[in-house]
Amino acid sequence: MDPETEFLSSKRQTGNEWELFKENVRPLKRGRNVDLLNHALKAHTNDQLKKSLLENRRRLIEAIDEYQGDDPLQPWLDCIKWVQEAFPPGGDFSGLVLIYEQCVRAFWHWDHYKDDLRYLKVWLEYAEHCSDAEVIYCFLDANDIGKTHSAYYIAYALHMESKSKMKAANDILNLGISSNAQPIEKLRDAYKKFLARSMRRPNATEEELKEDDLPVRSFGTVLARGESQRQAIKTFELGRNKLKQDQVHRTPLSIYNDTNMDVTRGHHSKPNTGSNSWHTLGGRAERNKENNAMPAKWTSHKIPQRPVPRIVGAVASAQIEVFVDEECEEKPKVHDEKDRTSSLQLRELDGRNIKKETELLRENPLRNFPSNSLPR
Amino acid sequence: MASRTVAKDIITLRGSAAIVSEFFGYAANSILYNRGIYPEESFAKVKKYGLPMLLTQDEGVKSFITNLTAQLSEWLEAGKLQRVVMVIMSKATNEVLERWNFSIETDSDVFEKGVSREKSDREIMREIQAIMRQIASSITYLPCLDEPCVFDVLAYTDTDVAVPFTWIESDPKLIANPQMVKLHSFDTKIHKVDTLVSYKNDEWDEQ
């Protein structure tokens, strides 16, 4: 009897937690095991099950430390897969971003894994969780990781496309095709679809002003367009996976500040020149200023370049004073074959630290990497 | 007044066959839409089962499904249909990625003794609605189909059935080691339909 007939005749039922709590479940590209999913959803309201979840996690982390074989990536993957199943909503408290980061950092200098598709996929999933993944793709490029795989070029190009850098996306896909990345058909197909989309774009303007991206002044519309394009791409390409909720969370909202001309994205920098903003309503002329102001050229206003955390990787993190509990202190990473300290840290992080660390990583995904590994 | 209500709830064999084959047509469309087999814009919205249901406007697919449901209805009326499976395969490699399995239990008393059954239309519609909702929500756990896919429909019938030439014998197109999820069922009291979706376990090291 085939498995399906067997299932049907056994009169077994599948729990329906997946449907009841579907809003709490982040779809995974690789799909989910429904029994694990139902179990995890039940656990979030059941202490007994919760304990067994934590027990499982500890075991998987131990397995990483104790692994003796010649494929040390495997126990990391088991752990990652498990966290994805056990924390259906994903989110900042799951520790998923931290595991991705520790995993990729453990092996970035391993020649053995440079062409390993599984390793590349961990990087690509990490990139999906960051607010600006470009720095990750540059890193992969500079360190020759994953460049024999189509998935690398496709993800990189999609990312550039979401930033409206059509020429860069085009070049990347072409490079992948000429490098004969595998599977080549998938890459060619992605390129065709990319061309079709770029024909349909409303503003076919070239936005290649500079190498680095200038922060875009968003009046809500541009940001929404960027996101909705990413949504549109994803909806078509990934078969209705509702990944767009995730995209909204990853890119920080840019809030237009009327009185302050320096708009920088995502940095909690200088305070507003406070007093005039919300305390006084202002006279009618001031309230109506948008309707009365005469349009003028914008040449006098300079938009400062967003500091890109590249060469200054190590220095940037020094500028932000983050209080770290002693047991969670990150030791400076050296070329360590088996990052024993890192998995210990995984074990000891609690909810608050996980969230804090996740947020830091989202903003600056390579912050823990030694500066000599970062692309110039 | 009482007699009118009763008359409405009587299910005939023909009526049940119509309900089930119609269900299958809408379910097939819903799967094609939700799994991205055909582009969104090739579907139009209609109201059915108290839900906004999407139907393909592609002439080829439309006629395929219409012929299919007509044939299923015939087999159902004869009580010979056991299972209908919608198979989704990769266009490039023909590998079976997903199977939507509708298995049918027919009440043999209806054929042998010619009894009729009673069940309110409303209730049947509610049961079908629950299944349609589940199909749409199944992206929660189904792997993303990020390559062009094609679909096919397999019918399991009793052996003594007349099969039109448009149908060919096929292998079962099974998935090895599938993940399986049982969805809701619906029952017209003459035909009971169980729904199961099975899909490939996605390994981390696959392209």
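Reading the values: rules and limits
- Residues numbered from 1 in each chain as written.
- Chains lettered and ligands numbered in written order.
- Predicted model: local features only at pLDDT ≥ 70, side-chain atom pairs only at ≥ 80, totals over all residues.
- Heavy atoms only, no water.
- UniProt positions renumbered as here; feature names shortened; annotations may be inferred.
- Helix = DSSP H or I, 4+ residues; strand = E, 2+ residues; numbered from the N terminus.
- Buried < 20%, exposed > 50% of the residue type's maximum accessible area, 1.4 Å probe, protein only.
- Areas by Shrake-Rupley, 256 points an atom, 1.4 Å probe, with all protein chains shown as cover.
- Pairing = 2+ DSSP bridges.
- Expected span 1.5 Å × (residues − 1).
- Axes fitted to C-alpha atoms, helices over the stretch in contact; angles between N-to-C directions.
- Parallel < 35°, antiparallel > 145°, perpendicular 65-115°, else oblique.
- Left-handed = near helix turned anticlockwise from the far one by under 90°.
- Contact = heavy atoms within 4.5 Å.
- Nonpolar A, V, L, I, M, F, W, Y, C, P; charged D, E, K, R; others polar.
- Salt bridge = Lys/Arg side-chain N within 4 Å of Asp/Glu carboxyl O.
- Buried area = accessible area lost by both parts, 1.4 Å probe.
- Polar contact = N/O pair within 3.5 Å; in protein donor to acceptor, adjacent residues only side chain to side chain.

Labelled according to an unreviewed UniProt entry, chain B appears under the name HORMA domain-containing protein, originating from Gossypium arboreum. According to the UniProt record, the Sequence similarities (unreviewed entry) comment for chain B reads "Belongs to the MAD2 family." Its UniProt record, at the heading Subcellular location (unreviewed entry), says of chain B: "Nucleus".

In the annotation of an unreviewed UniProt entry, chain A is listed under the name Putative inactive serine/threonine-protein kinase bub1 and assigned to Gossypium arboreum.

Q: Lay out the overall build of chain A in plain terms, naming residues and giving numbers.
A: Assigned secondary structure in chain A consists of 18 helices and zero strands. For chain A, the residues scored as buried account for 47% of the 376 residues in total. As displayed, chain A has an accessible area near 20600 Å², and 55% of this comes from carbon and sulfur atoms.

Q: Break down the pairing of strand β8 (residues 179-187) of chain B for me, with residues and values.
A: Residue and element names in this part refer to chain B. Across seven bridges, β8 lies against strand β9 (residues 191-199) in antiparallel orientation. Along β9, the bridge assignment pairs Phe186 with Val193. Hairpin geometry of β8 and β9 is characterised by an intervening segment of three residues between the two adjacent antiparallel strands and by a positive phi of about 80° at Lys189.

Q: How would you summarise helix α6 (residues 96-107) of chain A if you had to cite specific residues and measurements?
A: All names here are of chain A. Its 12 residues place the ends of α6 17 Å apart at the C-alpha level, agreeing with the 16 Å of an ideal helix rising 1.5 Å per residue. Counting buried positions along α6 gives 12 out of 12 residues, so the element sits mostly inside the fold. Every buried residue of α6 is accounted for by Leu96, Val97, Leu98, Ile99, Tyr100, Glu101, Gln102, Cys103, Val104, Arg105, Ala106 and Phe107.

Q: Outline the pairing of strand β4 (residues 81-90) of chain B, listing residues and values.
A: Residues and elements named next belong to chain B. The buried count for β4 comes to nine of 10 residues, which makes it a mostly enclosed element. Here nine bridges tie β4 to strand β7 (residues 149-157), and the two strands are oriented antiparallel to one another. Bridging across to β7, Leu81 finds its partner in Thr157. Relative to strand β5 (residues 96-106), β4 is paired through seven bridges, and the arrangement is antiparallel. Residue pairing in the sheet places Val87 in a bridge with Arg99 of β5.

Q: So, the packing of helix α2 (residues 13-34) of chain B against helix α3 (residues 59-77) of chain B: which residues are in play, and what are the values?
A: Two measures define how a pair of helices packs: the angle their axes make with one another and the distance between the axes. Residue and element names in this part refer to chain B. Axis separation between α2 and α3 bottoms out at 8 Å; the angle between their running directions is 150°. Here α2 is positioned roughly antiparallel relative to α3, judged by the angle of their axes. α2 and α3 meet at a crossing whose hand is right-handed. Contacts between α2 and α3 involve Leu13, Arg14, Ala17, Ala18, Val20, Ser21, Phe24, Gly25, Ala28, Asn29 and Leu32 from the former and Val61, Ile65, Leu68, Thr69, Leu72, Ser73, Leu76 and Glu77 from the latter. In the contact of α2 with α3, the residues fall into 12 nonpolar, five polar and two charged.

Q: A description of the pattern of salt bridges should follow, citing residues and the corresponding values.
A: For the coordinates displayed, the defined rule picks out 33 salt bridges over all chains. Look at the salt bridges and you will find they share partners, linking Asp132, Glu134, Lys163 and Lys165 of chain A into a network.

Q: So what's going on with the interface of chain B and chain A? Residues and values would help.
A: Across the boundary between the two partners, chain B contributes 44 residues, which contact 45 residues of chain A. Summing both sides of the interface, chain B and chain A together bury roughly 3900 Å²; the carbon and sulfur share of this comes to 57%. Linking chain B with chain A are three salt bridges. Viewed at the interface, chain A and chain B are joined by 10 residue pairs in polar contact (both at pLDDT 80 or more). Broken down by secondary-structure element, the contributors of at least two residues to the side of chain B that touches chain A are α2, β5, α5 (121-137), β8 and β9 of chain B. Sort the elements by how many residues they give to the side of chain B that touches chain A and β8 of chain B lands first, with six residues.

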